[in-house]
Amino acid sequence: MKCILIGGFPGSGKTTLIRKLVEHLEKQGHKVAVIVNKIGEIGIDGDTISKGEVETREITSGCVYCTLKINMEYTLRTLIASYNPDTIIIEPTGIAFPGQIKRNIENIGISGITFAPIVNLVDAGRLSKETGELQTFMKKQIGEAEILGINKVELINNCEELLEICLFLRKLNPRARMIHFSARQGGESLDKLLGLLEETSRRKMTMGRENSIQVSGVTAYSS
């Protein structure tokens, strides 16, 4: 089973990307589960199915959406036991550190889990106005990403502005692969990003002192 972590600041387009990713995986015959903070953020109706304390909504025969109301270990184990997905997509809160979540899931010790490269989305239109003014947690999110997705490129004015964003992000993270695209409009760049998520994460995450989960108010990710 593969775990895909899609991080990013509020409004960066995570939900739209996840919808496109689910469609992509279902076409390949994958059985998908999505864990989000609030089911309303996905905005897709479905049949509600309660599995103990884990409430899910079945959207198609190949996908369920699950609200994270209790700890991550219980949620993961319940989904695996009751649904047995091929892929679990996790959308953490906008101020959580996906790398820390990955480390905590690894420490749970569930056999057979692999990870796609960690993705962090940024809103190109917003970032173009805020370069140099990012909060510390935003810089950390960017710095720990394996793939930096510059989303909403249709909202910026010209190639020079996009280049400025890319150079700014490269200073914060010299190692990540960088892709600029529009999740809403689709296209070759989005397809390339979806293809990269079929790969396996190669980065070992180290636990820092920061606890973004407590800061964000999301239910604790148990280890």
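Residues numbered from 1 in each chain as written. Predicted model: local features only at pLDDT ≥ 70, side-chain atom pairs only at ≥ 80, totals over all residues. Heavy atoms only, no water.

Describing the pattern of salt bridges
Line of reasoning, step 1. Scanning the model with the defined rule gives four salt bridges in all.
Line of reasoning, step 2. With a closest N to O distance of 3.1 Å, Glu 106 and Lys 102 form a salt bridge. Of this pair, Glu 106 and Lys 102 are both found in helix 3 (residues 98-108), four residues apart, which corresponds to roughly one turn of the helix.
Line of reasoning, step 3. Here Glu 199 ties to Arg 177 by a salt bridge, and the two come within 2.9 Å at their closest N and O atoms. (Salt bridge = Lys/Arg side-chain N within 4 Å of Asp/Glu carboxyl O. Helix = DSSP H or I, 4+ residues; strand = E, 2+ residues; numbered from the N terminus.)

Considering the pairing of strand 9 (residues 147-151)
Line of reasoning, step 1. Burial within strand 9 is extensive, with five of its five residues counted as buried.
Line of reasoning, step 2. On strand 9, burial covers both faces: Ile 147, Gly 149 and Asn 151 on one face and Leu 148 and Ile 150 on the other are all buried.
Line of reasoning, step 3. Taken together, the five bridges between strand 8 (residues 119-123) and strand 9 define a ladder with parallel strand orientation. The residue of strand 9 that forms the bridge with Asp 123 is Asn 151.
Line of reasoning, step 4. Two strands pair when backbone bridges link them, and strand 9 and strand 10 (residues 177-180) are joined in this way by four bridges, in the parallel orientation. In the strand pairing of strand 10, Ile 150 is matched with His 180. (Buried < 20%, exposed > 50% of the residue type's maximum accessible area, 1.4 Å probe, protein only. Pairing = 2+ DSSP bridges.)

Focus: the nonpolar core
Line of reasoning, step 1. Core analysis: the biggest nonpolar cluster contains 23 residues, and Ile 4, Ile 6, Leu 17, Ile 89 and Leu 197 have the highest contact counts within it.
Line of reasoning, step 2. Those elements that provide at least two residues to this core are strand 1 (2-8), helix 1 (14-27), strand 2 (32-36), strand 8 and helix 7 (188-196).
Line of reasoning, step 3. In terms of residue count, the dominant contributor to this core is helix 1 (five residues).
Line of reasoning, step 4. Those residues in contact with Leu 17 that sit more than four places away from it in its chain are Ile 6, Leu 121, Ala 183, Leu 190, Leu 193 and Leu 194. (Core = buried A, V, L, I, M, F, W, Y, C linked by side-chain atoms within 4.5 Å. Contact = heavy atoms within 4.5 Å.)

A closer look at the environment of Glu 154
Line of reasoning, step 1. Summarising the element assignment, Glu 154 is placed in the loop between strand 9 and helix 6 (159-172).
Line of reasoning, step 2. Between the C-alpha atoms of Glu 154 and Arg 184, which are 30 residues apart in sequence, the distance is 9.4 Å.
Line of reasoning, step 3. In this structure, Glu 154 is in contact with Ser 182 and Gln 185, ignoring residues within four places of it in sequence.
Line of reasoning, step 4. A polar contact is formed between the side chain of Glu 154 and the side chain of Ser 182, at a distance of 3.0 Å. (Polar contact = N/O pair within 3.5 Å; in protein donor to acceptor, adjacent residues only side chain to side chain.)

Treat this as a map of the structure, not an account of what it does.
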